[in-house]
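Summary of the model geometry
Okay, here's what each chain looks like letter by letter:
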Amino acid sequence: MKTPEIGIAIVAPGGNAPDEAALARGIARLQAQGATVHNYYDPEHTFQRFGGTDAGRLAQLNAAAADPAVQVVIALRGSYGISRILPDIDFTAMADSGKLFVGYSDFTAFHMGLMAKTGRASFAGPMMCDDFIRDEPEQFTLDQMWSCLAGPTHTVTGVAEGNPQVELAGALWGGNLAMLVHLLGTPYFPDIDGGILFLEDVNEHPYRVERMLLQLLHAGVVQRQQAVVLGDFSGYKLSPMDKGYDFDAMLAYVRQRLPVPVLTGLEFGHIRRRVTLPFGGQGQLRSDASGFTLQVGDYPTLAQP
């Protein structure tokens, strides 16, 4: 899919770019496909593990939101950092800018804050590092983003064994599980009833995933949703102490414990092949024992920001 002729801003509200040459390659690739790239990240201004000082990273977001030549704002990468600047982000200005904000992982905190403060939808999707800068990018991942941003609806499917049979509709929201739990009890946690909650994480042992899901349950979040849809949860290591307690065992337990259907098979998370999901769009979910179809609409697009 050809990149639309639009203005794309790169911001680094979290981590810095580990490979400056690769970032330049990714920018050149976007430019060659017709996009005008506005790079607000300056590697000379990185600070410790971050894409700049707290004030500097906030300034990147503000500049991108204020730039009339920009339609899409893509996070440089996740890692960590947005939590530091959440109180200083003017989410009303972000929403009023009409920009389409894209990212995942640590950027989940931005999605959460934007929805909680303004009700504005954004996009759990690819970031510059590593999705756009690879020697051989995963075309499915990039095509998913452009297809989703173009709208007016976006459909993703998942294949998995053992999913419950459901047919329901609700607001689609979620992202990185650790980030969601981290924001519980804060002003940046959106108040969503009857939603479809999608979750992913990386390097988290199944017992930690279970513990975080139970925390969402104990906090009264899960029982207010219609379904939980799990993406990728890879990168963890089991030990002899687990004695058969693995992800499947954890999944069987939470399916018994949580009062809503729990689905698997969502291609979303810290993986190369990844769907893009409109955080705050209205989803229609149909599932059976072999997988699911999720169609999302009613979210801002390139045609109707």
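These lines cover the structure that appears in this document, whether it is placed above or below. As the structure is a prediction and not an experimental result, all values here were calculated from the model.

Reading the values: the criteria
Residues numbered from 1 in each chain as written. Predicted model: local features only at pLDDT ≥ 70, side-chain atom pairs only at ≥ 80, totals over all residues. Heavy atoms only, no water. Helix = DSSP H or I, 4+ residues; strand = E, 2+ residues; numbered from the N terminus. Rg over C-alpha atoms; globule rule 2.2 N^0.38 Å. Buried < 20%, exposed > 50% of the residue type's maximum accessible area, 1.4 Å probe, protein only. Contact = heavy atoms within 4.5 Å. Areas by Shrake-Rupley, 256 points an atom, 1.4 Å probe, with all protein chains shown as cover. Lys, Arg positive; Asp, Glu negative; His and termini not counted. Charge placed at Lys NZ, Arg CZ, Asp CG, Glu CD. Salt bridge = Lys/Arg side-chain N within 4 Å of Asp/Glu carboxyl O. Right-handed = clockwise from strand over helix to strand, strands pointing away. Pairing = 2+ DSSP bridges. Axes fitted to C-alpha atoms, helices over the stretch in contact; angles between N-to-C directions. Core = buried A, V, L, I, M, F, W, Y, C linked by side-chain atoms within 4.5 Å. Phe/Tyr/Trp six-rings, centres within 6.5 Å; stacked < 30°, edge-to-face > 60°. 1 Å grid on protein atoms, 1.4 Å probe; cavity = no way out; pocket = protein on both sides within 12 Å on 5 of 7 lines; lining within 4 Å. Points joined across faces, edges and corners; volume = space filled by probe spheres on them. Nonpolar A, V, L, I, M, F, W, Y, C, P; charged D, E, K, R; others polar.

Right, let's talk about the overall build of the protein for a bit. When helices and strands are tallied, the protein shows 10 helices and 13 strands. A compact globule built from 305 residues should have a C-alpha radius of gyration of about 19 Å, and the protein, at 19 Å, falls within 12% of that. The dimensions of the protein, computed from C-alpha atoms along their principal axes, are 50 × 40 × 40 Å. Across the 305 residues in the protein, those meeting the buried criterion constitute 56%. Long-range contacts, defined here as pairs at least 24 residues apart, represent 79% of the contacts in the protein between residues at least 6 apart. In the structure as shown, the protein presents an accessible area of about 12500 Å², 48% of it carried by carbon and sulfur atoms. Counting 22 positive and 32 negative side-chain charges, the protein places the averaged centre of each group 3 Å from the other.

Here the focus is the side chain of Glu200. The topology assignment puts Glu200 in strand β8 (residues 196–202). Among buried charged residues, Glu200 stands out as having no salt bridge; its nearest opposite-charge side chain is Arg274, 7.4 Å away. In this view, Glu200 contacts Tyr104, Ser105, Gly175, Asn176, Leu177, Asp232, Phe233, Phe268, Gly269 and His270; residues no more than four positions away in its chain are not counted.

As a further point, take the pairing of strand β9 (residues 227–234). β9 sits mainly inside the fold: 7 of its 8 residues count as buried. Following the chain from β8 across helix α9 (residues 206–218) to the adjacent parallel β9, one finds a crossover that is right-handed. Viewed along the sheet, the connection from β9 through helix α10 (residues 247–257) into strand β10 (residues 262–263) turns out right-handed.

With that settled, the discussion passes to the side chain of Asp67. By the secondary structure assignment, Asp67 is in the loop between α2 (54–66) and β3 (72–75). Setting aside residues up to four positions removed in sequence, Asp67 forms contacts with His38, Tyr40 and Lys99.

So, about the sheet that holds strand β1 (residues 7–11). Taken together, 6 strands build an open sheet; the order of strands is β2-β1-β3-β4-β5-β11 and the sheet is mixed. The sheet terminates laterally at β2 (36–39) and β11 (277–279), the two strands that pair on one side only. Averaged over all adjacent pairs, the angle separating strand axes in this sheet is 25°, with direction ignored. Examined bridge by bridge, strand β4 (residues 100–103) and strand β5 (residues 122–124) share 2 bridges and lie parallel to one another. Note that in β5 the partner of Val102 across the bridge is Phe123. This element, helix α7 (residues 139–150), spans β1, β3, β4, β5 and β11 of the sheet and lies at about 155° to β4.

On the basis of which strands lie adjacent, the open sheet formed by 7 strands has the order β6-β13-β12-β7-β8-β9-β10 and mixed pairing. Strands with a single pairing partner mark the edges of an open sheet, and in this sheet they are β6 (154–159) and β10. Relative to strand β12 (residues 282–288), strand β7 (residues 166–176) runs antiparallel, the two being bridged by 6 bridges. Paired with Ala169 across the bridge in β12 is Gln284.

The next thing to look at is the pairing of strand β13 (residues 291–297). Burial within β13 is extensive, with 5 of its 7 residues counted as buried. As defined by bridge partners, β12 adjoins β13 across 7 bridges and the pair is classed as antiparallel. Of the residues in β13, the one forming a bridge with Gln284 is Gln295. Here β12 folds back onto β13 in antiparallel fashion, the turn holding 2 residues.

Counting 104 residues, the largest nonpolar core has Phe110, Leu277 and Leu285 as the members making the most contacts within it. Element by element, the count of residues in this core is highest for α9, at 6 residues. Ignoring sequence-local partners within four residues, the contact set of Phe110 consists of Leu61, Ile82, Ile89, Phe91, Met94 and Phe101.

Our next topic: the packing of aromatic side chains. Under the defined criterion, the tally for this structure stands at 10 aromatic pairs. Ring centres of Phe198 and Phe268 lie 5.5 Å apart, and the angle between their planes is 85°; on these two criteria the pair is classed as edge-to-face. Linking Phe198 in strand β8 with Phe268 in the loop between β10 and β11, this pair joins segments that are 70 residues apart in sequence. Here Phe198 and Phe268 have matching classes, each one buried. An aromatic cluster of at least three residues, connected via ring pairs, comprises Phe91, Phe101, Phe107, Phe110 and Tyr188.

Before going further, it helps to examine the layout of surface pockets. One water molecule sets the probe size; rolling that probe over the atoms shows where empty space is left. Considered as a void within the structure, the largest pocket measures approximately 160 Å³ in volume. Around the largest pocket, the lining residues are Leu230, Gly231, Asp232, Phe233, Phe247, Asp248, Leu251, Thr264, Gly265, Leu266, Glu267 and Ile271. At the level of elements, β9 and α10 are the ones that each hand at least two residues to the lining of the largest pocket. For the lining of the largest pocket, the element with the most residues is β9, which contributes 4 residues. Among the residues forming the lining of the largest pocket, the class breakdown is 6 nonpolar, 3 polar and 3 charged.

None of this, on its own, says anything about what the molecule does.
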